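Residue-level listing of the chains:
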Amino acid sequence: MQQPSEARTRKTVLFVVIGIAGLSFCIIFACPVAAIMFPVFAHARERVRNAGCISNLKQLGVACALYSQDHRDQLPPASTWMNAIRPYLTEPNRQLRCPSVQEGFGYAFNTRFSRAVRDELSPEQVRVPLIYDSVNLARNATDPLTSLPDPPRHRVDSEHNNALFADGSARAIEPGTP
């Protein structure tokens, strides 16, 4: 009668030893792999946020163009620009917010373009940011291009901010861009 109990004890000890060895293996090899992979995942996540930001800015550009078509070719007033273009956006709650910003909106409108007539913009003016990443996180944020984040908000391949230009293009701008 003692032998089945002894066999059971040996099996239990064997399972405990195998369990401890397996756990040790996981700790020894899984932790370094995780330490290597976390920065990779963080970099991929920032790439997605950057792409989402550029996409949002392009949609804001389309909304501004649609707004101006309905308002004698004028861009929206700077003080209420988000409210003015909201009806022209398919997903305004997402498109009016920079994905890299936790709270607030993260975009500002260049006051130099408030109610500007699109067809009357000079070639120099269309190369100036219209809507851009901003440290001012308020709704309808506006300024004469003075609130660009420094250090830049996006750090994918290089440090940069994103901007929508008056010609409708959206792209990264390097630090120090006026």
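Just so it is clear, the model here is predicted, and its values are computed rather than measured. (Residues numbered from 1 in each chain as written. Predicted model: local features only at pLDDT ≥ 70, side-chain atom pairs only at ≥ 80, totals over all residues. Heavy atoms only, no water.)

Asker: I'd love a proper account of a nonpolar patch on the surface, names of residues and values included.
Answerer: A grouping of Leu14, Phe15 and Ile18 is seen on the molecular surface, where their side chains present a nonpolar patch of about 340 Å² in accessible area. One can find leucine 14 in helix H1 (residues 2–70). (Patch = residues over 30% accessible without salt bridge, like charges linked within 9 Å, V, L, I, M, F, W, Y side chains within 5 Å. Areas by Shrake-Rupley, 256 points an atom, 1.4 Å probe, with all protein chains shown as cover. Salt bridge = Lys/Arg side-chain N within 4 Å of Asp/Glu carboxyl O. Helix = DSSP H or I, 4+ residues; strand = E, 2+ residues; numbered from the N terminus.)

Asker: Could you give an account of unusual backbone geometry, with specific residues and numbers?
Answerer: Between aspartate 150 and proline 151 the backbone carries a cis peptide bond, its omega angle lying at 10°. Of note, proline 151 is situated in the loop between strand S3 (142–143) and strand S4 (154–155). The backbone of asparagine 140 shows a phi angle near 60°, a positive value even though the residue is not glycine.

Asker: Can you break down the pairing of strand S1 (residues 107–110) residue by residue, with the values?
Answerer: Two elements, S1 and strand S2 (residues 129–133), share three bridges in a ladder whose sense is antiparallel. When the bridges of S2 are listed, alanine 108 appears paired with tyrosine 132. Bridge count for S1 against S3 is two bridges, and the pairing is parallel. Considered in S3, the bridge of phenylalanine 109 is made with threonine 142. (Pairing = 2+ DSSP bridges.)

Asker: Go over the pattern of salt bridges with me, naming the residues and quoting the values.
Answerer: Pairs can form between side chains of opposite charge whenever their charged atoms are close. Throughout the structure, instances matching the rule amount to four salt bridges. The salt bridge partner of glutamate 91 is arginine 94, with a shortest N-O separation of 3.3 Å. For arginine 153, the salt bridge identified is with aspartate 133, shortest N-O distance 3.2 Å. Of the two residues, arginine 153 sits in the loop between S3 and S4 while aspartate 133 sits in strand S2, which places them 20 residues apart along the sequence. A residue is classified by how much of its surface remains accessible, and aspartate 133, at 0% relative accessible area, is buried. (Buried < 20%, exposed > 50% of the residue type's maximum accessible area, 1.4 Å probe, protein only.)

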